[in-house]
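# A structural walkthrough
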Amino acid sequence: MATAATPATNMAMIKPCVCSSRKVFMSNAANFSTESREASWNRLTSSSHMSSRQPFSQSISSAPVKFKKVVTRAMSRVNENKPLPGLPVDLRGKRAFIAGVADDHGYGWAIAKSLAAAGAEIIVGTWVPALNIFESSLRRGKFDESRILPDGSLMEITKVYPMDAVYDSPEDVPEDVKSNKRYSGSSKWTVKELAEAVKQDFGSIDILVHSLANGPEVTKPLLETSRNGYLAAISASSYSFVSLLKEFVPIMNPGGASISLTYIASERIIPGYGGGMSSAKAALESDTRVLAFEAGRKHKIRVNTISAGPLRSRAAKAIGFIDMMIDYSLANAPLQKELSAEEVGNAAAFLASPLASAITGAVLYVDNGLNAMGVGVDSPIFVNLDIPKSI
(Lines give C-alpha, C1' and ligand atoms only; values in the text may rest on other atoms or scores of the structure.)
Protein backbone atom coordinates (compact mmCIF):
# COMPACT_ATOMS: atom_id res chain seq x y z
CA MET A 1 0.00 0.00 0.00
CA ALA A 2 1.02 3.56 -0.62
CA THR A 3 -0.01 4.58 2.82
CA ALA A 4 3.65 4.02 3.43
CA ALA A 5 5.23 4.52 6.62
CA THR A 6 4.73 2.85 9.89
CA PRO A 7 1.43 4.22 10.72
CA ALA A 8 1.50 3.89 14.44
CA THR A 9 -1.47 5.68 15.89
CA ASN A 10 -0.16 7.97 18.59
CA MET A 11 -2.24 10.72 20.11
CA ALA A 12 -1.93 14.38 19.13
CA MET A 13 -4.12 17.17 20.45
CA ILE A 14 -5.38 20.31 18.74
CA LYS A 15 -7.08 22.93 20.87
CA PRO A 16 -8.24 25.89 18.82
CA CYS A 17 -11.00 28.07 20.29
CA VAL A 18 -14.10 28.13 18.19
CA CYS A 19 -16.65 30.88 18.69
CA SER A 20 -20.27 29.88 18.89
CA SER A 21 -22.89 30.75 16.30
CA ARG A 22 -26.04 28.90 15.29
CA LYS A 23 -24.27 26.60 12.80
CA VAL A 24 -25.11 22.94 13.26
CA PHE A 25 -24.19 19.56 11.87
CA MET A 26 -25.91 16.25 11.18
CA SER A 27 -26.43 12.82 12.77
CA ASN A 28 -26.24 9.11 12.19
CA ALA A 29 -29.04 8.55 9.76
CA ALA A 30 -30.53 5.46 8.35
CA ASN A 31 -28.60 5.15 5.17
CA PHE A 32 -27.29 2.59 2.79
CA SER A 33 -23.62 3.26 2.57
CA THR A 34 -22.11 3.12 2.92
CA GLU A 35 -11.05 14.96 4.41
CA SER A 36 -5.48 19.37 2.61
CA ARG A 37 -3.27 17.86 4.99
CA GLU A 38 -4.41 19.17 8.38
CA ALA A 39 -7.61 20.72 7.11
CA SER A 40 -8.74 17.48 5.52
CA TRP A 41 -7.83 15.34 8.47
CA ASN A 42 -9.81 17.63 10.72
CA ARG A 43 -12.79 17.16 8.41
CA LEU A 44 -12.93 13.40 8.29
CA THR A 45 -16.35 12.44 7.19
CA SER A 46 -18.27 9.30 7.81
CA SER A 47 -20.90 7.04 6.43
CA SER A 48 -23.39 8.85 8.40
CA HIS A 49 -21.68 11.98 9.42
CA MET A 50 -19.60 14.91 8.46
CA SER A 51 -17.37 17.01 10.67
CA SER A 52 -16.53 20.63 10.06
CA ARG A 53 -14.38 23.45 11.43
CA GLN A 54 -17.33 25.79 11.13
CA PRO A 55 -18.37 27.66 14.28
CA PHE A 56 -21.17 26.12 16.19
CA SER A 57 -23.47 26.98 19.03
CA GLN A 58 -25.07 25.98 22.24
CA SER A 59 -28.56 27.00 23.11
CA ILE A 60 -28.10 27.23 26.87
CA SER A 61 -26.98 30.83 26.61
CA SER A 62 -27.82 33.48 24.05
CA ALA A 63 -24.44 35.17 24.52
CA PRO A 64 -21.50 34.05 22.36
CA VAL A 65 -19.49 31.35 24.06
CA LYS A 66 -16.09 29.95 23.10
CA PHE A 67 -15.65 26.21 22.87
CA LYS A 68 -12.40 24.32 22.65
CA LYS A 69 -12.17 21.77 19.91
CA VAL A 70 -10.06 18.86 21.05
CA VAL A 71 -9.21 16.45 18.28
CA THR A 72 -7.35 13.19 18.77
CA ARG A 73 -5.56 12.24 15.57
CA ALA A 74 -4.05 9.06 14.32
CA MET A 75 -0.37 9.77 13.56
CA SER A 76 1.88 7.84 11.21
CA ARG A 77 5.54 7.06 11.71
CA VAL A 78 7.94 7.27 8.80
CA ASN A 79 10.47 4.54 9.53
CA GLU A 80 8.81 1.16 9.28
CA ASN A 81 11.71 -0.61 10.97
CA LYS A 82 12.02 1.76 13.87
CA PRO A 83 10.52 0.50 17.14
CA LEU A 84 7.32 2.31 17.95
CA PRO A 85 7.38 4.49 21.07
CA GLY A 86 4.69 4.59 23.71
CA LEU A 87 1.55 2.51 23.32
CA PRO A 88 0.60 2.85 19.64
CA VAL A 89 -2.31 1.50 17.69
CA ASP A 90 -0.37 -0.63 15.20
CA LEU A 91 -2.34 -2.40 12.47
CA ARG A 92 0.52 -3.03 10.07
CA GLY A 93 0.06 -6.35 8.31
CA LYS A 94 -3.70 -6.34 8.91
CA ARG A 95 -6.35 -6.25 6.21
CA ALA A 96 -9.71 -4.53 6.71
CA PHE A 97 -12.92 -4.85 4.74
CA ILE A 98 -15.27 -1.88 5.20
CA ALA A 99 -18.81 -2.49 4.02
CA GLY A 100 -20.75 0.65 3.17
CA VAL A 101 -18.34 3.20 1.64
CA ALA A 102 -19.91 5.14 -1.21
CA ASP A 103 -18.27 8.58 -0.92
CA ASP A 104 -15.87 10.52 1.31
CA HIS A 105 -18.65 11.90 3.49
CA GLY A 106 -19.43 8.97 5.75
CA TYR A 107 -18.33 7.09 8.83
CA GLY A 108 -17.13 4.23 6.66
CA TRP A 109 -14.63 6.57 4.97
CA ALA A 110 -13.47 8.00 8.29
CA ILE A 111 -12.96 4.54 9.74
CA ALA A 112 -11.07 3.47 6.63
CA LYS A 113 -8.73 6.48 7.03
CA SER A 114 -7.99 5.77 10.68
CA LEU A 115 -7.35 2.10 9.96
CA ALA A 116 -5.07 3.08 7.06
CA ALA A 117 -3.23 5.59 9.26
CA ALA A 118 -2.59 2.76 11.68
CA GLY A 119 -1.15 0.62 8.86
CA ALA A 120 -4.02 -1.59 7.74
CA GLU A 121 -4.66 -2.51 4.12
CA ILE A 122 -8.06 -1.22 3.02
CA ILE A 123 -10.61 -2.93 0.81
CA VAL A 124 -14.20 -1.73 0.63
CA GLY A 125 -17.67 -2.77 -0.43
CA THR A 126 -19.89 -0.21 -2.17
CA TRP A 127 -23.62 -0.35 -2.81
CA VAL A 128 -24.05 -1.40 -6.43
CA PRO A 129 -26.04 1.65 -7.61
CA ALA A 130 -23.34 3.96 -6.22
CA LEU A 131 -20.37 1.92 -7.46
CA ASN A 132 -19.71 3.65 -10.80
CA ILE A 133 -19.80 7.16 -9.33
CA PHE A 134 -17.59 6.14 -6.43
CA GLU A 135 -14.97 4.43 -8.59
CA SER A 136 -15.04 7.28 -11.11
CA SER A 137 -14.50 9.84 -8.35
CA LEU A 138 -11.55 7.83 -7.05
CA ARG A 139 -9.96 7.61 -10.51
CA ARG A 140 -10.49 11.31 -11.27
CA GLY A 141 -8.90 12.36 -7.98
CA LYS A 142 -12.04 13.92 -6.50
CA PHE A 143 -11.29 12.23 -3.19
CA ASP A 144 -7.53 12.96 -3.16
CA GLU A 145 -7.82 15.76 -0.62
CA SER A 146 -9.92 13.53 1.61
CA ARG A 147 -7.44 10.67 1.23
CA ILE A 148 -4.52 12.57 2.81
CA LEU A 149 -3.26 10.84 5.94
CA PRO A 150 -1.49 12.57 8.83
CA ASP A 151 1.96 11.71 7.43
CA GLY A 152 1.07 13.31 4.10
CA SER A 153 0.62 10.08 2.17
CA LEU A 154 -2.65 9.12 0.51
CA MET A 155 -4.94 6.42 1.78
CA GLU A 156 -4.92 3.61 -0.77
CA ILE A 157 -7.99 1.47 -1.35
CA THR A 158 -6.64 -1.81 -2.69
CA LYS A 159 -9.93 -2.92 -4.19
CA VAL A 160 -13.56 -1.85 -4.37
CA TYR A 161 -16.23 -4.55 -4.52
CA PRO A 162 -19.88 -4.15 -5.54
CA MET A 163 -22.25 -5.21 -2.81
CA ASP A 164 -25.85 -5.16 -1.67
CA ALA A 165 -26.08 -6.56 1.84
CA VAL A 166 -29.84 -6.97 1.63
CA TYR A 167 -29.36 -10.15 -0.40
CA ASP A 168 -27.51 -13.18 0.98
CA SER A 169 -27.20 -15.16 -2.26
CA PRO A 170 -28.17 -14.87 -5.95
CA GLU A 171 -31.31 -16.89 -5.33
CA ASP A 172 -32.58 -14.14 -3.01
CA VAL A 173 -32.46 -11.40 -5.65
CA PRO A 174 -35.85 -10.55 -7.19
CA GLU A 175 -36.16 -10.36 -10.95
CA ASP A 176 -36.94 -6.64 -10.89
CA VAL A 177 -33.64 -5.98 -9.12
CA LYS A 178 -31.70 -8.23 -11.48
CA SER A 179 -33.08 -6.31 -14.45
CA ASN A 180 -32.66 -2.88 -12.83
CA LYS A 181 -30.34 -0.64 -14.87
CA ARG A 182 -28.57 0.47 -11.70
CA TYR A 183 -27.34 -3.09 -11.22
CA SER A 184 -26.36 -3.76 -14.84
CA GLY A 185 -22.67 -4.42 -15.43
CA SER A 186 -22.07 -5.64 -11.87
CA SER A 187 -21.91 -9.23 -10.68
CA LYS A 188 -21.17 -11.23 -7.58
CA TRP A 189 -22.53 -8.58 -5.27
CA THR A 190 -24.63 -10.61 -2.83
CA VAL A 191 -23.11 -11.23 0.60
CA LYS A 192 -22.15 -14.83 -0.06
CA GLU A 193 -20.60 -14.01 -3.45
CA LEU A 194 -18.80 -11.01 -1.96
CA ALA A 195 -17.13 -13.08 0.75
CA GLU A 196 -16.12 -15.69 -1.81
CA ALA A 197 -14.58 -13.01 -4.05
CA VAL A 198 -12.60 -11.52 -1.17
CA LYS A 199 -11.38 -14.98 -0.21
CA GLN A 200 -10.30 -15.68 -3.78
CA ASP A 201 -8.47 -12.32 -4.08
CA PHE A 202 -6.93 -12.02 -0.63
CA GLY A 203 -7.34 -15.29 1.22
CA SER A 204 -8.24 -13.72 4.54
CA ILE A 205 -9.04 -10.51 6.39
CA ASP A 206 -8.50 -9.34 9.96
CA ILE A 207 -11.07 -6.57 10.36
CA LEU A 208 -14.70 -6.38 9.24
CA VAL A 209 -16.56 -3.06 9.46
CA HIS A 210 -20.32 -2.76 8.93
CA SER A 211 -21.12 0.87 8.07
CA LEU A 212 -24.47 0.74 6.35
CA ALA A 213 -28.15 1.09 7.06
CA ASN A 214 -31.38 1.90 5.29
CA GLY A 215 -34.86 2.72 6.46
CA PRO A 216 -37.18 3.51 3.56
CA GLU A 217 -39.80 4.88 5.95
CA VAL A 218 -37.42 6.56 8.42
CA THR A 219 -39.44 9.79 8.40
CA LYS A 220 -42.64 8.01 9.45
CA PRO A 221 -43.67 7.58 13.11
CA LEU A 222 -43.57 3.96 14.22
CA LEU A 223 -47.36 3.87 14.45
CA GLU A 224 -47.53 4.77 10.75
CA THR A 225 -44.77 2.41 9.60
CA SER A 226 -45.79 -0.44 7.32
CA ARG A 227 -44.74 -4.03 7.89
CA ASN A 228 -42.64 -3.92 4.72
CA GLY A 229 -40.96 -0.67 5.78
CA TYR A 230 -40.21 -2.02 9.25
CA LEU A 231 -38.80 -5.30 7.98
CA ALA A 232 -36.77 -3.49 5.31
CA ALA A 233 -35.11 -1.38 8.03
CA ILE A 234 -34.30 -4.47 10.06
CA SER A 235 -33.01 -6.34 7.01
CA ALA A 236 -30.68 -3.59 5.71
CA SER A 237 -29.58 -2.12 9.03
CA SER A 238 -29.39 -5.10 11.37
CA TYR A 239 -29.54 -8.51 9.75
CA SER A 240 -27.04 -7.37 7.12
CA PHE A 241 -24.42 -7.36 9.90
CA VAL A 242 -25.33 -10.91 10.90
CA SER A 243 -25.15 -12.01 7.27
CA LEU A 244 -21.79 -10.32 6.62
CA LEU A 245 -20.20 -11.79 9.72
CA LYS A 246 -21.64 -15.22 8.97
CA GLU A 247 -20.02 -15.26 5.52
CA PHE A 248 -16.78 -13.47 6.42
CA VAL A 249 -15.93 -15.08 9.74
CA PRO A 250 -14.58 -18.26 8.09
CA ILE A 251 -11.94 -16.14 6.32
CA MET A 252 -11.13 -13.94 9.32
CA ASN A 253 -7.85 -14.59 11.10
CA PRO A 254 -8.11 -15.56 14.78
CA GLY A 255 -7.82 -12.47 16.95
CA GLY A 256 -9.67 -10.41 14.36
CA ALA A 257 -12.34 -7.82 15.05
CA SER A 258 -15.73 -6.87 13.68
CA ILE A 259 -17.29 -3.44 14.23
CA SER A 260 -20.67 -1.92 13.40
CA LEU A 261 -22.26 1.50 13.92
CA THR A 262 -25.33 2.14 16.04
CA TYR A 263 -27.22 5.14 17.44
CA ILE A 264 -28.68 6.21 20.80
CA ALA A 265 -32.20 5.78 19.39
CA SER A 266 -31.73 2.08 20.14
CA GLU A 267 -32.34 2.80 23.82
CA ARG A 268 -33.77 6.32 24.04
CA ILE A 269 -36.76 7.90 22.34
CA ILE A 270 -35.63 10.06 19.42
CA PRO A 271 -38.79 11.49 17.84
CA GLY A 272 -38.41 11.61 14.08
CA TYR A 273 -36.07 8.62 13.86
CA GLY A 274 -38.80 6.32 12.73
CA GLY A 275 -39.70 3.69 10.20
CA GLY A 276 -38.39 0.91 12.44
CA MET A 277 -34.85 2.33 12.50
CA SER A 278 -34.76 2.58 16.31
CA SER A 279 -35.82 -1.06 16.45
CA ALA A 280 -33.14 -1.97 13.90
CA LYS A 281 -30.44 -0.30 16.00
CA ALA A 282 -31.71 -2.05 19.14
CA ALA A 283 -31.56 -5.36 17.29
CA LEU A 284 -28.04 -4.55 16.06
CA GLU A 285 -26.84 -4.00 19.63
CA SER A 286 -28.50 -7.16 20.89
CA ASP A 287 -27.01 -9.13 18.00
CA THR A 288 -23.59 -7.65 18.82
CA ARG A 289 -23.65 -9.35 22.20
CA VAL A 290 -24.83 -12.72 20.87
CA LEU A 291 -22.38 -12.62 17.95
CA ALA A 292 -19.56 -11.72 20.33
CA PHE A 293 -20.23 -14.93 22.21
CA GLU A 294 -20.62 -17.17 19.18
CA ALA A 295 -17.82 -15.69 17.04
CA GLY A 296 -15.58 -15.45 20.08
CA ARG A 297 -16.04 -19.06 21.13
CA LYS A 298 -15.88 -20.56 17.63
CA HIS A 299 -13.46 -18.26 15.79
CA LYS A 300 -11.71 -16.03 18.38
CA ILE A 301 -13.22 -12.97 16.72
CA ARG A 302 -14.26 -9.91 18.74
CA VAL A 303 -17.54 -8.13 17.93
CA ASN A 304 -18.32 -4.58 19.07
CA THR A 305 -20.45 -1.65 17.99
CA ILE A 306 -19.90 2.13 18.19
CA SER A 307 -22.80 4.37 19.18
CA ALA A 308 -21.87 7.63 17.48
CA GLY A 309 -23.31 11.04 18.30
CA PRO A 310 -25.02 13.33 15.81
CA LEU A 311 -22.97 14.68 12.92
CA ARG A 312 -23.79 16.01 9.47
CA SER A 313 -23.75 13.71 6.47
CA ARG A 314 -25.49 13.51 3.16
CA ALA A 315 -27.41 10.47 4.28
CA ALA A 316 -28.51 12.11 7.53
CA LYS A 317 -30.39 14.73 5.52
CA ALA A 318 -32.98 12.07 4.85
CA ILE A 319 -34.22 12.34 8.40
CA GLY A 320 -34.98 16.04 8.08
CA PHE A 321 -34.70 17.06 11.75
CA ILE A 322 -31.03 16.35 12.25
CA ASP A 323 -29.95 20.00 12.59
CA MET A 324 -32.02 20.21 15.75
CA MET A 325 -30.34 17.07 17.12
CA ILE A 326 -26.91 18.60 16.53
CA ASP A 327 -27.97 21.75 18.32
CA TYR A 328 -29.40 19.68 21.16
CA SER A 329 -26.18 17.73 21.52
CA LEU A 330 -24.06 20.90 21.62
CA ALA A 331 -26.31 22.35 24.29
CA ASN A 332 -26.64 19.27 26.48
CA ALA A 333 -23.62 16.95 26.10
CA PRO A 334 -20.98 17.01 28.88
CA LEU A 335 -18.33 17.89 26.27
CA GLN A 336 -19.56 20.99 24.44
CA LYS A 337 -17.59 20.61 21.23
CA GLU A 338 -18.22 19.36 17.78
CA LEU A 339 -17.93 15.63 17.28
CA SER A 340 -15.70 14.80 14.31
CA ALA A 341 -15.92 11.72 12.16
CA GLU A 342 -12.23 11.07 12.79
CA GLU A 343 -12.97 10.60 16.49
CA VAL A 344 -15.30 7.76 15.55
CA GLY A 345 -12.68 6.46 13.10
CA ASN A 346 -10.00 6.48 15.80
CA ALA A 347 -12.32 4.66 18.20
CA ALA A 348 -12.81 2.00 15.55
CA ALA A 349 -9.03 1.72 15.02
CA PHE A 350 -8.63 1.18 18.77
CA LEU A 351 -11.34 -1.50 18.86
CA ALA A 352 -9.69 -3.27 15.91
CA SER A 353 -6.25 -3.20 17.53
CA PRO A 354 -4.54 -5.50 20.07
CA LEU A 355 -5.06 -2.74 22.65
CA ALA A 356 -8.71 -3.82 22.76
CA SER A 357 -7.98 -7.57 22.81
CA ALA A 358 -10.21 -8.16 25.85
CA ILE A 359 -13.12 -6.00 24.66
CA THR A 360 -16.02 -7.72 22.94
CA GLY A 361 -19.81 -7.57 23.01
CA ALA A 362 -19.61 -3.87 23.90
CA VAL A 363 -21.41 -0.72 22.82
CA LEU A 364 -18.78 2.04 22.78
CA TYR A 365 -20.30 5.51 23.01
CA VAL A 366 -18.49 8.16 20.96
CA ASP A 367 -20.90 11.06 21.40
CA ASN A 368 -19.22 13.63 23.73
CA GLY A 369 -21.03 11.94 26.62
CA LEU A 370 -24.57 12.74 25.49
CA ASN A 371 -25.67 9.18 26.30
CA ALA A 372 -25.02 9.85 30.01
CA MET A 373 -27.54 12.68 30.26
CA GLY A 374 -30.92 12.12 31.90
CA VAL A 375 -32.40 15.53 31.07
CA GLY A 376 -31.86 18.31 28.57
CA VAL A 377 -30.18 21.09 30.54
CA ASP A 378 -31.14 23.65 27.90
CA SER A 379 -34.75 23.38 29.07
CA PRO A 380 -36.28 26.61 30.49
CA ILE A 381 -37.05 24.61 33.61
CA PHE A 382 -33.35 24.78 34.52
CA VAL A 383 -32.89 28.46 33.71
CA ASN A 384 -32.24 29.40 37.35
CA LEU A 385 -29.81 26.57 37.99
CA ASP A 386 -26.08 27.14 37.85
CA ILE A 387 -25.49 24.85 34.85
CA PRO A 388 -21.78 24.54 34.01
CA LYS A 389 -20.91 25.92 30.59
CA SER A 390 -17.84 25.70 28.39
CA ILE A 391 -15.51 28.70 28.74
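What counts as what
- Residues numbered from 1 in each chain as written.
- Predicted model: local features only at pLDDT ≥ 70, side-chain atom pairs only at ≥ 80, totals over all residues.
- Heavy atoms only, no water.
- UniProt positions renumbered as here; feature names shortened; annotations may be inferred.
- Helix = DSSP H or I, 4+ residues; strand = E, 2+ residues; numbered from the N terminus.
- Areas by Shrake-Rupley, 256 points an atom, 1.4 Å probe, with all protein chains shown as cover.
- Contact = heavy atoms within 4.5 Å.
- Axes fitted to C-alpha atoms, helices over the stretch in contact; angles between N-to-C directions.
- Parallel < 35°, antiparallel > 145°, perpendicular 65-115°, else oblique.
- Left-handed = near helix turned anticlockwise from the far one by under 90°.
- Nonpolar A, V, L, I, M, F, W, Y, C, P; charged D, E, K, R; others polar.
- 1 Å grid on protein atoms, 1.4 Å probe; cavity = no way out; pocket = protein on both sides within 12 Å on 5 of 7 lines; lining within 4 Å.
- Points joined across faces, edges and corners; volume = space filled by probe spheres on them.
- Core = buried A, V, L, I, M, F, W, Y, C linked by side-chain atoms within 4.5 Å.
- Buried < 20%, exposed > 50% of the residue type's maximum accessible area, 1.4 Å probe, protein only.
- Pairing = 2+ DSSP bridges.
- Salt bridge = Lys/Arg side-chain N within 4 Å of Asp/Glu carboxyl O.
- Right-handed = clockwise from strand over helix to strand, strands pointing away.
- Phe/Tyr/Trp six-rings, centres within 6.5 Å; stacked < 30°, edge-to-face > 60°.

For the chain, an unreviewed UniProt entry supplies the name Enoyl-[acyl-carrier-protein] reductase [NADH], chloroplastic and the organism Dovyalis caffra. As its UniProt record puts it under Sequence similarities (unreviewed entry), the chain is described as follows: "Belongs to the short-chain dehydrogenases/reductases (SDR) family. FabI subfamily." Database annotation for the chain, UniProt heading Function (unreviewed entry): "Catalyzes the NAD-dependent reduction of a carbon-carbon double bond in an enoyl moiety that is covalently linked to an acyl carrier protein (ACP). Catalyzes the last reduction step in the de novo synthesis cycle of fatty acids. Involved in the elongation cycle of fatty acids which are used in lipid metabolism. Required for normal plant growth."

Before going further, it helps to examine the overall build of the chain. Of regular secondary structure, the chain possesses ten helices and eleven strands. Accessible surface computed for the chain: about 16,700 Å², of which carbon and sulfur atoms make up 54%.

The next subject is the side chain of Ser260. Position of Ser260 relative to the elements: it lies in strand S9 (residues 252-262). Sequence-distant contacts of Ser260, that is, excluding residues within four places in its chain, are made with His210, Phe241, Leu284, Thr288, Asn304, Thr305 and Ile306.

What follows covers the packing of helix H7 (residues 227-248) against helix H8 (residues 277-299). Pairs of packed helices are described in terms of their axes, by the angle between the two and the distance that separates them. Two elements in contact, H7 and H8, have axes separated by 9 Å at closest approach and are oriented at 20 degrees. Judged by the inter-axis angle, H7 sits roughly parallel to H8. The element H7 and its partner H8 pack so that their crossing is right-handed. Here H7 contributes Tyr230, Ala233, Ile234, Ser237, Ser238, Phe241, Val242 and Leu245 to the contact with H8, which in turn contributes Met277, Ser279, Ala280, Ala283, Leu284, Asp287, Thr288, Leu291 and Ala295. In terms of residue class, the contact of H7 with H8 is built from twelve nonpolar, four polar and one charged.

Moving on, we get to the layout of surface pockets. Over the atoms, a rolling probe the size of a water molecule traces out where space has been left empty. Here the second largest pocket defines a volume of roughly 290 Å³. As for the second largest pocket, its lining consists of 19 residues, and the residues nearest its centre are Ile264, Arg268, Ile270, Tyr328 and Leu370. Elements represented by at least two residues in the lining of the second largest pocket include exactly strand S10 (302-308) and helix H9 (322-332). In terms of residue class, the lining of the second largest pocket is made up of twelve nonpolar, five polar and two charged.

Soluble globular proteins: nonpolar side chains tend toward being buried together. Among the nonpolar cores identified, the biggest contains 42 residues, and Ile98, Leu115, Ile122, Phe134, Ile157 and Ile306 are the most heavily contacted of them. At eight residues, the largest contribution of residues to this core is made by helix H2 (residues 107-117).

Paired through backbone hydrogen bonds, the strands of a sheet run either parallel or antiparallel to each other. One open sheet holds the seven strands; their spatial order is S7-S6-S5-S8-S9-S10-S11, and the pairing between them is parallel. Strand pairing shows two members of the sheet lacking a second neighbour, strand S7 (157-163) and strand S11 (363-366), which therefore form its edges. Adjacent strand axes in the sheet meet at a mean angle of 20 degrees when their direction is disregarded. Bridge analysis of strand S8 (residues 205-210) against S9 gives five bridges, and the strand direction is parallel. Bridge pairing links Ile205 to Met252 in S9. In the packing of helix H3 (residues 128-139) onto the sheet, the strands contacted are strand S6 (121-127) and S7, and the crossing angle to S7 comes to about 160 degrees. Helix H6 (residues 191-202) rests against strand S5 (95-99), S6, S7 and S8 of the sheet, and its axis sits at about 155 degrees to S7.

Counted by the stated rule, this structure contains nine salt bridges. The closest approach of N and O atoms between Arg95 and Glu121, which form a salt bridge, is 3.0 Å. Here Glu121 lies in strand S6 and Arg95 lies in strand S5, a separation of 26 residues in the sequence. A relative accessible area of 17% places Arg95 in the buried class. With a shortest N-O distance of 2.8 Å, Glu343 and Lys337 are connected by a salt bridge. In this structure, Glu343 and Lys337 share a single accessibility class: buried. A cluster of three or more residues bridged by salt bridges with shared partners is formed by Asp144, Arg147 and Glu156.

Bringing the pairing of S5 into the picture now. Burial within S5 is extensive, with five of its five residues counted as buried. Here S5 shows two buried faces, one formed by Arg95, Phe97 and Ala99 and the other by Ala96 and Ile98. On the question of chirality, the crossover connecting S5 to the parallel S6 by way of H2 is right-handed. Alignment of S5 against S8, held across four bridges, turns out to be parallel. The partner of Ile98 across the bridge, within S8, is Val209.

Turning to the packing of aromatic side chains, a few remarks are in order. Scanning the entire structure with this criterion turns up seven aromatic pairs. Summarising the aromatic geometry, the rings of Tyr167 and Trp189 are spaced 6.0 Å apart at their centres and angled 65 degrees between planes, so their arrangement reads as edge-to-face. Separated by 22 residues along the polypeptide, Tyr167 in the loop between S7 and helix H5 (175-178) and Trp189 in the loop between H5 and H6 bring together distant segments of the chain. Across the pair, Trp189 and Tyr167 agree in class, each one buried. Ring pairing ties together the aromatic residues Phe97, Tyr161 and Phe248, which thus form one cluster.

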